[in-house]
Amino acid sequence: MSLSAQQLQFDDALLDDYSATVADAVDRIGPAVCRIERIGGAGGLGSGFVITPDGLVVTNFHVVGDARSVRVTMPDGVSREGRVLGRDPDTDIALVRADGSFADIAPLGDSKRLRRGQIAIAIGNPLGFEWTVTSGVVSALGRSMRASTGRLIDDVIQTDAALNPGNSGGPLVSSVGEVIGVNTAMIHGAQGIAFAVASNTANFVISEIIRFGRVRRAFIGVSADTTTLPRRAALLSQVSSSTAVRLRSVEANSPAARAGLKEGDIIAAIDGRPVTGVDDLVRLLDAERIGRETLCTVVRRSGIAQVTVMPEARA
């Protein structure tokens, strides 16, 4: 056999293995993927996937919008009504409880174990073409994307698996048949650039909604701008950043006001972690800090101060 013939045979074997891998993953997850259609309210038509036998369905916030109920249609054509249990605009994730029981579920995987270049498979209902499969690779990890609320969604997965309107809320699946992300956005006019909220982020949001009906985030009662941190102030505050946040205002009787923070103060670090901008401030004020003493390194004209704030749950 010639070298070229051997190479062709080898390439054919690789293609067969790739096809089998994608098909097997779709066989595992596809039956749990559903079409989501709102019943009243502002929202849209999109996708979702069942994660528990008793009908918990994950989708995007922008798919359900402000609707209280949605229509959940499975690949076998069975349609059920679902109640929106909770929504988190800050991560574009929503959780729905669909009527009935479900034999097929889509398990959430661990997105921390992802590697660039590994197979990524998107399943959903793009442009009304129901239960469409596209495949590609994980193009990049750790991206940030701005939600409709203006808050940054962290740890976003970039993929070149083709997404179109209607894919939103559907699963991004690994080669072993686990959900590694929730498809959420594409860049209009770009080819091969699409994004999914990481499965670990979705898992956190789901847990918060089940326990509290919403995602808790810490609140200290300030508005702020990103500002330059003078080199001397950076050295004194022992942070390596050249930027920080300056407080534009402090709400009366807020946790920040009670702690003694004032307009014009510059927060350079929180619990020793640099605050390089407003997004860092928002990111660091997560649910774990609610009711917990939080040390802010503050730069003032009089020098460096360590101010202890007790964040509250954001309303």
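Everything numeric here is computed off the predicted structure, so don't read it as measured data. Every chain is numbered on its own, with residues counted from 1 as its sequence reads. Confidence filtering applies because this is a predicted model: local features only for residues at pLDDT of at least 70, side-chain atom pairs given and counted only at 80 or more, and all residues used for totals across whole chains, interfaces and linings. Note: side-chain values were computed over all heavy atoms of the structure, leaving out hydrogens and water.

(A) Quick look at the pairing of strand S2 (residues 45–50). With five of its six residues buried, S2 lies for the most part within the structure. Bridge analysis of S2 against strand S3 (residues 56–59) gives two bridges, and the strand direction is antiparallel. Each residue of the ladder has a partner; that of Phe-49, found in S3, is Val-58. Between the antiparallel neighbours S2 and S3 lie five residues, among them Gly-55 with a positive phi of about 95°. Buried means the residue's accessible area, taken with a 1.4 Å probe over protein chains only, is under 20% of the maximum for its type, while exposed means over 50%, and partly exposed covers the values in between. For the purposes of this entry, the term helix denotes a DSSP run of H or I that reaches at least four residues, the term strand denotes a run of E that reaches at least two, and both are numbered from the N terminus. DSSP bridges decide pairing: two strands pair if at least two such bridges lie between them.

(B) Spatial organisation of the packing of aromatic side chains. Stacked, tilted and edge-to-face pairs are distinguished by plane angle, under 30 degrees for stacked and over 60 for edge-to-face with tilted covering the rest, among Phe, Tyr and Trp rings (Trp via its six-membered ring) whose centres lie within 6.5 Å. Throughout the structure, instances matching the rule amount to zero aromatic pairs. Geometrically, a lysine NZ or arginine CZ counts as sitting over a ring once it is within 6 Å of the ring centre and also within 35 degrees of the ring normal. A cation over an aromatic ring shows up here: Arg-80 above the ring of Phe-102, its NZ or CZ 4.2 Å from the ring centre.

(C) Quick look at helix H3 (residues 199–212). An expected span of 1.5 Å times one less than the residue number is assigned to each helix. The terminal C-alpha atoms of H3 lie 20 Å apart, and with 14 residues this matches the ideal 20 Å at 1.5 Å per residue to within 8%. Among the residues making up H3, those that are buried are Ser-199, Thr-201, Ala-202, Val-205, Ile-206, Glu-208 and Ile-209. When checking whether two residues touch, look at their non-hydrogen atoms; a contact exists if any pair is within 4.5 Å. Packing partners of the buried residues in H3 comprise S3, strand S5 (79–88), strand S6 (93–98), strand S9 (152–159), strand S11 (179–186) and strand S12 (194–198). The positive-phi residue at the C-terminal boundary of H3 is Gly-213, with phi of around 80°.

Interpretation in functional terms is not warranted from these geometric data alone.
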